[in-house]
Amino acid sequence: MGYKEIYERSLADPEGFWMEQAESIDWVRKPSKALFDDNAPIYEWFSDGLVNTCWNAVDRHVEAGRGAQAAIIHDSPVTGTKHRISYAQLRSRVARLAGALRARGVEKGDRVIIYMPMVPEALEAMLACARIGAVHSVVFGGFAAHELAVRIDDCAPKCIIAASCGIEPGRVVHYKPLLDGAIEQAAHKPEFCVIFQREEEVARLIEGRDHDWHAFQYGVEPADCLPVEGNHPAYILYTSGTTGQPKGVVRATAGHLVALNWSMKNIYNVNPGEVFWAASDVGWVVGHSYICYGPLIHGNTTIVFEGKPVGTPDAGTFWRVISEHNVRSFFTAPTALRAIKREDPEAKELAKYDISNLRALYLAGERADPDTIQWAQRVMGVPVYDHWWQTETGWTIAGNPAGLEALPVKIGSPTVAMPGYDVRILDEGGHEVPPGTLGAIAIRLPLPPGTLPTLWNAEDRYRKSYLTTFPGYYETGDAGMKDEDGYLWIMARTDDVINVAGHRLSTGAMEEVLASHPDVAECAVIGAADELKGQIPVGFLCLSKGVNRPHAEIAAECVKLVREQIGPVAAFRQAVVVDRLPKTRSGKILRAIMVRIADGQDFKMPATIDDPAILDEIREALRGIGLARG
Ligand code: COA
Ligand code: AMP
């Protein structure tokens, strides 16, 4: 069967289609049916099955005789180390850690925050939680203590597992002081912490609260896999919304297993035993689905890469890793390729390596610009597949099902909807628009298995954020169109989310931080186009009456404040002082117009604008920081 038949069947007979896909998973008790819709529009999949994620990702491969196969390859140019962990080794390491957590009272349903860099221990911690039914929440290392504190208070973890440090080019990221600061700020206090001490920096442990990773596990009884219900939360992953309060995306266990397993062959076109590499970070959804769970559930070897596309040590690092570890499918963000292209436009570094075993390159996380796609096609000599998805969905909404049937690539489109995703383009009134017409991208409910059933402790927010604008649909927050062939085109976000270097950030959250500066009366943050990072945040500050300190000083304090509160990952480096912000007569800030001015694009003067003269001042201020040229 080709793509079309499979896709149509998934919508016409979701029950039959997904029950068949569920056959590839080891169940302790098979689910009686696929979809549970009693609580619609909140849907669940395989709820009455009993299953364990760690069993499916680790133990079953050992039982099947593949214990000696590499499960994880750690390649870390920033520390100059490489090592491999077989499935058999992974099983004993994870069982021991899980046993130690259980011995300290971590039980099914308890939350565990994981705050670690790109080391295999991060995956081991995730899998150890899954083994005993604990719910992990991984926090990206580029966030500051405050962001970690917000997450601690929201999910109330019993325990936090962290590393002593991470390594960014040119600096050590001191995780432990960040962790201590976050626990101090948070109202909820974890019962204990487990610290993985790295050679690069040994952290000071707080007696009675902190345990050394190795000592903690010494002499404990390894834990077996605990079967959990299909709808048991596997993890919570926080992502940016429109405010400073991140959304805790919940992933249910069984749908996650079934969907990721399906995607490994049908989308990423790898067979069990082959090497798959997603160059992302465990702190993002790509890291959850395609560094940790997807490849391991499917019996692949996954690469944990601790480095950057450039500078660790050069623009040939990706090619070296692909060649040295025999990577068959490679997944990264367009930004990473733009970084390589900028440094090595002719791909001279690539000539040093043989990447002929690579089948394809997969791009996601942000819009893939045609230049970057064409460059990658040319220098790498493999098909380049853009695919579109979100933290919320956990796997591809639209992609090219290369392992099932490679469809013709249209550059600029992530291709077509994957099984179970009934994607529609709607106008403001919720009516479908004809092909080729721009609209809001929505997905008819139910979403397929593997996607979010709700937000952690915030079902109301889930309904309001995703299900209310278009009743009967999930609102993606992206705008775009579908063409005559059913190909999707993703154009822009419809909310305050921006995408900086493939990292999803909230301008609303940055505005909340800027507004807390004592001299700032009003502010706005927009995402301006950036050649390397796709978008970069730019802040506009209106000062309180009577403030007459140098503007540059205040702007610099604001930049520092965002770094301290949100973290370096916000890449917030530019703030300008203006007298007023452009607004409608009803007082709504015209951010979209400011974006067009920053990008040097034409725009139609909105009829509702209060005072058009302000736009000249905005243009002037932006020119002062090198933007608004066109
Ligand atoms: N821990 C701590 N700090 C981190 C971090 C982490 N895991 N990741 C990034 N940061 C820091 C960076 O060190 C930088 O700090 P600085 O202001 O002190 O220089 C800051 O956050 C901004 O980082 P970034 O926006 O990534 O810019 P960069 O100039 O360091 O790197 C790229 C640019 C393009 C090389 C890099 O962004 C990249 O590799 N992007 C690909 C992203 C990706 O794979 N995303 C996954 C989604 S699929
Ligand atoms: P995240 O939740 O961090 O994965 O970010 C999801 C958002 O990133 C989407 O809603 C899109 O706005 C954007 N995005 C992800 N992949 C693509 C893609 N292939 N093309 C265009 N935008 C994308």
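All values derive from a computational prediction rather than experimental measurement.

Parameters at a glance
Residues numbered from 1 in each chain as written. Chains lettered and ligands numbered in written order. Predicted model: local features only at pLDDT ≥ 70, side-chain atom pairs only at ≥ 80, totals over all residues. Heavy atoms only, no water. Core = buried A, V, L, I, M, F, W, Y, C linked by side-chain atoms within 4.5 Å. Buried < 20%, exposed > 50% of the residue type's maximum accessible area, 1.4 Å probe, protein only. Contact = heavy atoms within 4.5 Å. Near = heavy atom within 4 Å. Polar contact = N/O pair within 3.5 Å; in protein donor to acceptor, adjacent residues only side chain to side chain. Areas by Shrake-Rupley, 256 points an atom, 1.4 Å probe, with all protein chains shown as cover. Nonpolar A, V, L, I, M, F, W, Y, C, P; charged D, E, K, R; others polar. Axes fitted to C-alpha atoms, helices over the stretch in contact; angles between N-to-C directions. Helix = DSSP H or I, 4+ residues; strand = E, 2+ residues; numbered from the N terminus. Parallel < 35°, antiparallel > 145°, perpendicular 65-115°, else oblique. Left-handed = near helix turned anticlockwise from the far one by under 90°. Arc of directions from axis to C-beta.

Next up on the list: the nonpolar core. In terms of nonpolar packing, the biggest core is built from 115 residues, with Leu101, Met116, Leu127, Tyr290, Phe331 and Trp395 touching the most fellow members. Residues within four places of methionine 116 in sequence aside, it is in contact with Glu121, Ala122, Ala125, Val139, Ile161, Ala162, Ala163, Tyr175, Phe196, Trp213 and Val282. Formed by 48 residues, the second largest nonpolar core is a distinct cluster that contains Val135, Val513, Leu514 and Ala571.

Turning to the site of ligand 2, a few remarks are in order. In the neighbourhood of ligand 2, 14 residues make up the surrounding shell, with Asp386, Thr391, Asp478, Arg493 and Arg504 lying closest. Aspartate 386 is positioned such that a nitrogen or oxygen atom in its side chain is 2.7 Å from a nitrogen atom of ligand 2. In this structure, glutamine 390 approaches ligand 2 through a side-chain N or O atom, which is 3.0 Å from an oxygen atom. Considered on its own, ligand 2 offers 490 Å² of accessible surface; in the complex 91% of this is hidden by protein. By residue class, the composition of the shell around ligand 2 is three nonpolar, five polar and six charged.

As a further point, take the packing of helix α3 (residues 53-66) against helix α4 (residues 87-103). Their axes nearest at 9 Å, the elements α3 and α4 cross at an angle of 135 degrees. If you check the angle between α3 and α4, you find them oblique. Judged by the sense of rotation from one axis to the other, the crossing of α3 with α4 is left-handed. Along its contact with α3, which presents Cys54, Ala57, Val58, Asp59, His61, Val62, Glu63 and Arg66, the element α4 presents Tyr87, Ala88, Leu90, Arg91 and Val94. When the residues that make up the contact of α3 with α4 are grouped by side-chain class, the tally is eight nonpolar, one polar and four charged.

Next up on the list: helix α18 (residues 614-623). Among the residues of α18, Ile614, Leu615, Ile618, Ala621 and Leu622 are the ones counted as buried. Projected down its long axis, α18 shows its buried positions confined to an angular sector of 120 degrees, all on one face. Where the residues of α18 are buried, they touch β30 (534-543), β31 (574-577) and α17 (591-598).

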